[in-house]
Each structure stands twice: as C-alpha cells, then as structure tokens.
Amino acid sequence: MATSGISKNSDVVMYYCCTICKTERSVEIHADFYCEKCLKYFCRTCINSHRQHGRWFYKKSPYGKDKIRKWPLSKKMETSLLICIIHKREKLTMFCPDHNHLCCSKCVELNHRRCLQVTPLPQAASGKSTNFKNLSVSTENTLSKMKQCQTYQENIMMSLKVSYKEHERLIVDGLRVNIISYLRECETSTVNTTHEHMQYPISEMREGIKNLLADFEKSTIKEKKEELNLKQAPLKVVRNSCIRLHYELFHLHVAIPKVLGKPELSFIASKKCLENIQQSDIFLKENFPNHVFTVNGKSVHNVKMPSDSYICSITAVCALPNGQVLVADRFNKKVKLLSQQYRVVSHLDVRDEPPDMCLITPTEVAVAVHDEVQFITVSQSQLAKSRKLKLQHECTSIVQNQGNLYICSGTALYKFTLSGKLVSWLYGDTSADLTVYKCAVSPTGDRLYITSWDQHKLLTLARDGTLLATYSDLALGWPTGLHVTPAGQVLVCGYLSDTVLQVGWEGESKLATLATQKDGMRYPVSVCFSSSSSSIIVGLMGSDHIRVFRVE
Ligand SMILES: [Zn+2]
Ligand SMILES: [Zn+2]
Ligand SMILES: [Zn+2]
Ligand SMILES: [Zn+2]
C-alpha cells in the first residue's frame, strides 16, 4: 500500500529496486526482498523464481522488508545523500554552522557568502559526534505520528464514503417505492381491463419509470458523487504527502547505522535526518489536528425509556459515522439507538448486563455480555442481533482495530480475530480483580491503552503488549472508560474523581481536563468522540442522562 502513493511521485528516489526487473526488463520496481547469498534484490513477483540455493534453502535465505535494517546501504541512498536538497544536480561540499545547513557551491554563492564559518565537509564532519540514540528516538516519534496522520486521512475518506453510500441508499429506496407504486397501480387497473386496453397503461408506465431512472442517473447521485470526489481530493493530497515524507525519513533512519564508519556520510545523514524531522513536524502541525481539545458547548440528553426498570447506567457509547449513537445501558440490559439529536429511537434487549461495546463496521457493533460477544447490526434505525462469540473468560472491555478484537478479562488483555480465534495473550496482572479493566487502541494499532481500576493507572503498551508508559494522577481516581479518537487523541474517565481527561498519545502526561463535577460529571464510565458532530459523549453510572460536549 505504501508504494502506491510513492510510485506516482516522480521526485521520489527508489532506494531499493528489484535487480531482476532492472537487468532483464529495464524497469524499476520497489524491492521487497534481499538475498544475502546472491547480493540481489527481488520484487514480490521475482522472488518466486529465486531458487538458487537448493530446494530447502531458497525460502529462508532472502531478507524480507521487515529486515531492511540488515540490507546493505543502497547505492542510490549513498548518491542522494551527497546531493544538495535544494539544487538537485549539485554535490554537497560545505557546511555552514551559522545556518546549520549543508551547502553545495551554489548554496554558498547564493545564501552564505557572508557566513564566516563555512567549512569544507570533510573538515566539518571530522571529530563531530552525533547523539544517534536521541536522533533515533525523535525520528521514530515523527515516523509514528506521520503514520497516524496517514491513517487519520484514510479514516476520514472512508467515513465520507460511508455517508455517501448511506445517501445513495436513501435515494435508491425512494426509487424503489416509486416503482412499486407504479406496479401496484398497474396491477389494480389491469385486473379490470381487457387485453386490448392494457397497452395504454403499460406504455404510460414505461415512460414514467424511464423518467424516474433518468432523474436518478443525472441528478442527485451524480452531484453527490462529484461532491464526494471534491471532498476527498485534498485528503488524498495530504495522505500522499504523509506517505512520501514517511518514506524519505524512514530510509534516512535505516541508512544511518549503515554509514556509521564513514564520518562524512554519517554527518550528512544525521543533518538530513534532522532537517526531515523539522519539515515533517511543520507538515504535521498544519495537517494533523492531534491537538488538545477545548470544550465550547455542552448539553444533557435523557436516554431513559418507559420500559426501563432501573435508573440508567451507560457503560458504553459508540458514535456511528452517520451521526447516530449507540449506548449500552448496563442494569436495564439494553442497547439503545439514539438519533442525531440524541433521542432514543430504538432498542434491543441483551441476555445480561453489557459492560462494554465497540464499533465493528459503520453499521455493526459488538457488545460484551459476560463471557460472550453479541454482534448487533443497525439498519434503517432498527437493531438486530447477528452472530455470537463464546469466550473462555469474562469480557470487561472490547475494542476493534484493523480487523482484530482486543478483549479485557479484568486481569488480562487478549487479541482475537473478528471470527473469534485467539491470536495472542498480550498483557496480564493478577494482583487484584480489575487490573486490566478497559482498553482502547490507537488508530494505527501501535499503541494499546488499558485502565487499571484497582491501581488508579492508565497503562500504555506497544503492539506486542510490552509496557511503554504508566500514568497516574489524583485527577484520575478509579479510571474506567477509555477512548482513542481517529486522530489518536486519548480520552479517559476517572470514576471517583468525576473527571474526563485528555492524555497525550505517549500515555505519559495529561493534556487537558475536559469535564469535572461542575459539568455534571458524577461517576463517568464511558466516553466516545463523534467525528460527525465534533463532540465528546460521556455516559454516567446511575444517571438517566448522557452529557455531550462540543469540542474544537
Ligand atoms: Zn522484479
Ligand atoms: Zn539468493
Ligand atoms: Zn545547494
Ligand atoms: Zn550560512
């Protein structure tokens, strides 16, 4: 996928090309494998014909792209390192410490004539040591943010498409109703008519249906499709820039350890890497709203139904892309569908108390019920139960990310496939009953967040379950509900501290207190961000009302 945005851009240097494609067909194709025996690169197609080392060996020997750090320094990288980034035909020769800039002779002539300390590169590079560890950490941070930005743009494009599809469905539904009414009319009239007299209504009907279809074709559908393309175009531009910037920085990042023995290249690579980070950070600031939320409006909405036996306890909130909202009401054992105005329009009883629920597709959710996961579909404002998964343990929390389910048992976090196959155990702590209570996943799937109820902590894990950060705060007493927005912003509820906080994506610091007791927070247990209304929706324990905060 990453290659699609890259290959269209003629500016981009293909650092590793398939050796076979290049020598036999004179075309440049991104390499996906490297064979350390043959010293050759292979694309996905050519690797299939690579059988040089005997039947048993050939599949093992090549390094895949995940081992790109073990590939040698590419000739193209070496060449492009030595080229001025402004004057693409000139070789770098000097360094200006005043501007912290690598210069070619043109650069010196045009911009650094008055700079006193311009030094030839070999001299500038000698004896200089770069802190590669720090550089590597900040590079990885920027790379991770760039991936998040890309995923964010892709998610908005997807939800635009979903709302377009919804619109299309409504128009098709309207068309269907019209055609059926024509047919009905025809049915009632033909019953009382002889064969000769039927010709007239049929041709009239044919005309009518033809007009309907013509309208359908040229009017709203076409308009909406154009509107969709118009809205998607700038997102695509940003997404492709993300891919390009990520590609450049990533390749510099993996090149650095390969040039460590060569002072000049090493000096250039580290300077270029820093420059790329700065450029990427500016780009991210402009295009990735991973900022701190500010609340600029709030409202309260009653979600009680006449058939409810208990006061409501909204343990989960899911915002659908079309603006509707689903809430799980624990003690009334219901899942309720709310309109865009947060009025209950439909509901479904579940077998037992639902502690959590998550979005699977724009029209499907998965509800945790004890040791079962109940899937529910939403269609035309109606809820219907579909399949079920049986688990070997309790389910206190459930989240879906990129086709995987993350499920908490109270003391452990597991990863499952959507069909219910256990992929792996990720994290566990049996020192108390609710150490792994609720979970959430970053849009790219590289950060997992857990609230530990008993330990008053928010934990941040890597994709493989390694603990990366622990956050505790007096303002986060008995943490419960947790949510990550499509832009990667982390929201968390403090049950006994009556707060909703925004925490940095690294899971190390608080960015904002979004709601407190003053805003009606009393035992908040669930939180969800709705992109379509730019609001944060909070569910409370023992309250018939949900709280909605409009945010910027
Ligand atoms: Zn090839
Ligand atoms: Zn080989
Ligand atoms: Zn230059
Ligand atoms: Zn200068």
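Residues numbered from 1 in each chain as written. Chains lettered and ligands numbered in written order. Predicted model: local features only at pLDDT ≥ 70, side-chain atom pairs only at ≥ 80, totals over all residues.

**Looking at the overall build of the protein chain**
Helices and strands together make up the secondary structure of the protein chain, namely nine helices and 30 strands. Seen through its principal axes, the protein chain has C-alpha atoms that stretch 95 × 75 × 60 Å. Considering only residue pairs separated by 6 or more positions, the protein chain has 50% of its internal contacts joining residues 24 or more positions apart. (Helix = DSSP H or I, 4+ residues; strand = E, 2+ residues; numbered from the N terminus. Contact = placed C-beta atoms within 7 Å.)

**Comments concerning the sheet that holds strand E9 (residues 325–329)**
Taken in spatial order, the four strands make up an open sheet running E8-E9-E10-E11, and their pairing is antiparallel. Each end of this open sheet is capped by a strand with a single partner; those strands are strand E8 (314–319) and strand E11 (344–349). Strand-to-strand twist of the sheet, defined as the mean angle between neighbouring strand axes without regard to direction, takes the value 20 degrees. As paired strands, strand E10 (residues 334–338) and E11 are joined by five bridges and run antiparallel to one another. Bridged to Val335 within E11 is Leu348. (Pairing = 2+ DSSP bridges. Axes fitted to C-alpha atoms, helices over the stretch in contact; angles between N-to-C directions.)

**Section: unusual backbone geometry**
Of note, the phi angle at Tyr342 is positive, near 65 degrees, even though the residue is not glycine. Inspection of the secondary structure puts Tyr342 in the loop between E10 and E11. The class for Tyr342 is buried, based on 21 C-beta atoms found within 10 Å. (Buried ≥ 20, exposed ≤ 12 C-beta atoms within 10 Å, placed from the backbone.)

**Regarding the UniProt feature "domain: B box-type" (unreviewed entry) in the protein chain**
Taken from the UniProt record, the annotation "domain: B box-type" (unreviewed entry) applies to residues 20–53 and 79–121. For the annotated span residues 20–53, helix accounts for 18% and strand for 18% of the residues, and the straight-line distance between the end C-alpha atoms is 17 Å. Along residues 79–121, the helical share is 26% and the strand share 26%, with 15 Å between the first and last C-alpha atoms. (UniProt positions renumbered as here; feature names shortened; annotations may be inferred.)

**Here we look at helix H9 (residues 263–287)**
An α-helical turn contains 3.6 residues, so any two residues separated by three or four positions project in the same direction. With 25 residues, H9 should cover 36 Å at 1.5 Å per step; its first-to-last C-alpha distance of 36 Å lies within 8% of that length. Here H9 has its buried residues at Leu265, Ser266, Phe267, Ile268, Ala269, Ser270, Lys271, Lys272, Cys273, Asn276, Ile277 and Ser280. (Expected span 1.5 Å × (residues − 1).)

**Overview of the environment of Lys298**
With respect to the helices and strands, the residue Lys298 is situated in strand E7 (residues 295–302). Among the residues examined, Lys298 registers 16 C-beta atoms within 10 Å and is labelled partly exposed. Placed 251 residues apart in sequence, Lys298 and Phe549 show a C-alpha to C-alpha distance of 4.4 Å. With sequence-adjacent residues up to four places away left out, Lys298 is seen in contact with Asp519, Arg547, Val548 and Phe549.

**Focus on the pairing of strand E19 (residues 422–428)**
Across five bridges, strand E18 (residues 412–417) lies against E19 in antiparallel orientation. Considered in E19, the bridge of Ala412 is made with Gly428. Between the antiparallel neighbours E18 and E19 lie four residues, among them Gly420 with a positive phi of about 95 degrees.

**Some thoughts on the domain arrangement of the protein chain**
Here the protein chain is partitioned into domain 1 (2–124), domain 2 (132–285) and domain 3 (295–551). At the level of secondary structure, the elements contributing two or more residues to the side of domain 1 that touches domain 2 comprise helix H1 (2–7), helix H3 (75–81) and helix H5 (121–125). For the side of domain 1 that touches domain 2, a count of residues per class yields 15 nonpolar, two polar and two charged. (Domains from an automatic or database assignment. Nonpolar A, V, L, I, M, F, W, Y, C, P; charged D, E, K, R; others polar.)

**A few points about the confidence of the model for the protein chain**
In low-pLDDT regions, the fine details of the predicted coordinates are not to be read closely. In the predicted model, the protein chain carries a mean pLDDT of 89, and the fraction of residues at 70 or more is 94%. Looking at the elements of the protein chain, mean pLDDT is at its lowest for H1, recorded as 44, and at its highest for E9, recorded as 98. Contacts of residues 1–5 to residues separated by more than four positions or lying in other chains number six contacts, the stretch itself having pLDDT below 50. (pLDDT = per-residue confidence, 0-100.)

**Regarding the pairing of E9**
Among the five residues that make up E9, five are buried, leaving the element largely enclosed by the rest of the structure. Residues of E9 alternate between two faces, with Val325, Val327 and Asp329 on one and Leu326 and Ala328 on the opposite face, all of them buried. Linkage of E8 to E9, two consecutive antiparallel strands, is achieved through a turn of five residues, within which Gly323 is found at a positive phi near 100 degrees. Note: E9 against E10, five bridges, orientation antiparallel. By the bridge assignment, Val325 is partnered in E10 with Leu338. In this structure, the hairpin formed by E9 and E10 is closed by a connection of four residues, where Lys333 is found at a positive phi of approximately 50 degrees.

**Comments concerning the sheet that holds strand E23 (residues 467–472)**
Sheet architecture is open: four strands sit in the order E20-E21-E22-E23, paired in antiparallel fashion. Two strands close off the open sheet at either side, each with one partner strand: strand E20 (438–441) and E23. Pairwise comparison of adjacent strand axes, ignoring direction, gives a mean angle of 20 degrees for this sheet.

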